[in-house]
Amino acid sequence: AVPQELAWGHLYTLLLTAAVRPAPESAGLSEAPLGDLFALANAVAAVVGGATTIEDPGNHVVAYSNLEHPIDAARQRTILGRQVPTEWIRRLQDAGVFRRLWQTDEVVRIADFVGDKVEYLPRLAVAVRAGGELLGSIWVIEGREPLGPEAERILRDASRIAALHLLRHRSAADVERHQQARVLLAVLDGTDDVGLAEDVLGLDAGRSMAVVAFEVGDQPDASSTIAAARVADLVAVYCESYRREAYCAATGARVFALVVVDADDDARSGEALATAIVDRAGNALQVQLRAGIGSTVTGLGGVAVSRREAEQVLEVIGVGGGRHTATLDAVRPQVFLRR
């Protein structure tokens, strides 16, 4: 009964949403607009009585409350960095907190697992699941009043409501990312509508840019396609971390990044970026990449040319086997000979 044009990812999200148990009507929790995770965090904090964060399965903070509740140094660093600091993750792992949290739907109480010299207020945490899939977790710090059995009951209710919010949040992000990838691939193919690309990507068409092509495998099989999607996420996060404006899309076994080039950038900066991503993919994802960098062009009209050059560079270094990253200038004679 599924329409042919419905994306598998969209269908998957719909099925997960349908599998969520009906959320109980806990006073105050159901008032947050669906998908507004910050409003939900404030609602949980107000009802349970402690500063609240909502985190994804990787311990990245997706929302936090901003009511007048006490927090400790660990929570402050978590909010400022938008993720739980590595040393605290290690402490929680060593104390078996994550093992208990991920294996049960019950509320987990965390207290007195660090030394006296470390400020860490007691917490309640609960996993958020939908259809058996882990979507994240909710953490509440014990404030001025102890968090007793009633707080645990409310937090269990909150986890069921949060599942709907996290699914809506993820679904919206997936749809937006899918649309951006579709428009970017049209730009790379030279079949784009410039106005649409500017609107969807938020890209200034008059800026200088270059295409970096990453090759995950020799054949576009299932494993390479899955790895390419992971690499695309890695490229996007890496560029964002280093304030590089870039737009990424995966197709088959290749990932393309359209990187905006500033006036003071040169070819070496693009090669350094590609080399760093190749190294990071090898260490973090255990994926061996090759990267080809096309020439810098001005305006969206030249992007398709830069993309073809980046792919030709990939072909050259793929045959040679001696290097993993190269610019067009570095292998221009070999590219001309192959043409």
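The model shown is predicted, which means the values in this text are computed figures rather than measured ones.

*Asks:* Lay out the sheet that holds strand β1 (residues 52-55) in plain terms, naming residues and giving numbers.
*Replies:* Strand pairing within a sheet occurs via backbone hydrogen bonds; the two strands may be parallel or antiparallel. Strands sit in the order β2-β1-β5-β4-β3 across an open sheet of five strands; the sheet is antiparallel. In this open sheet, the two strands that pair with only one neighbour each are β2 (61-64) and β3 (108-110). Each strand axis lies, on average, 25 degrees off the axis of its neighbour in the sheet, ignoring direction. Together, β1, β2 and β5 (133-141) form the strand contacts of helix α2 (residues 37-49), whose direction differs from that of β2 by roughly 55 degrees.

*Asks:* So what's going on with the pairing of strand β8 (residues 254-260)? Which residues, and what values?
*Replies:* For β8, the buried fraction is high: seven of the seven residues fall into the buried class. By the bridge criterion, seven bridges tie strand β6 (residues 208-215) to β8 in an arrangement that is antiparallel. Its bridge partner lying in β8, Val 212 is registered against Ala 257. Examined bridge by bridge, strand β7 (residues 246-251) and β8 share six bridges and lie antiparallel to one another. What sits directly across from Cys 248, in β8, is Ala 257.

*Asks:* Describe in detail the packing of aromatic side chains, supporting the description with residues and values.
*Replies:* Applying the stated criterion across every chain yields a total of four aromatic pairs. A ring pair is formed by Phe 38 and Tyr 64, whose centres lie 5.3 Å apart and whose planes are at 75 degrees; its orientation type is edge-to-face. With Phe 38 in helix α2 and Tyr 64 in strand β2, this pair connects stretches of sequence that are 26 residues apart. Its relative accessible area of 35% is what places Phe 38 among the partly exposed residues. Its relative accessible area of 24% is what places Tyr 64 among the partly exposed residues. With centroids separated by 4.8 Å and ring planes inclined at 25 degrees, the aromatic side chains of Trp 88 and Tyr 120 adopt a geometry described as stacked. In this pair, Trp 88 is assigned in helix α4 (residues 86-94) and Tyr 120 in the loop between β3 and β4 (123-130), connecting sequence segments 32 residues apart. The class for Tyr 120 is buried, based on a relative accessible area of 13%.

Basis of the calculations
Residues numbered from 1 in each chain as written. Predicted model: local features only at pLDDT ≥ 70, side-chain atom pairs only at ≥ 80, totals over all residues. Heavy atoms only, no water. Pairing = 2+ DSSP bridges. Helix = DSSP H or I, 4+ residues; strand = E, 2+ residues; numbered from the N terminus. Axes fitted to C-alpha atoms, helices over the stretch in contact; angles between N-to-C directions. Contact = heavy atoms within 4.5 Å. Buried < 20%, exposed > 50% of the residue type's maximum accessible area, 1.4 Å probe, protein only. Phe/Tyr/Trp six-rings, centres within 6.5 Å; stacked < 30°, edge-to-face > 60°.

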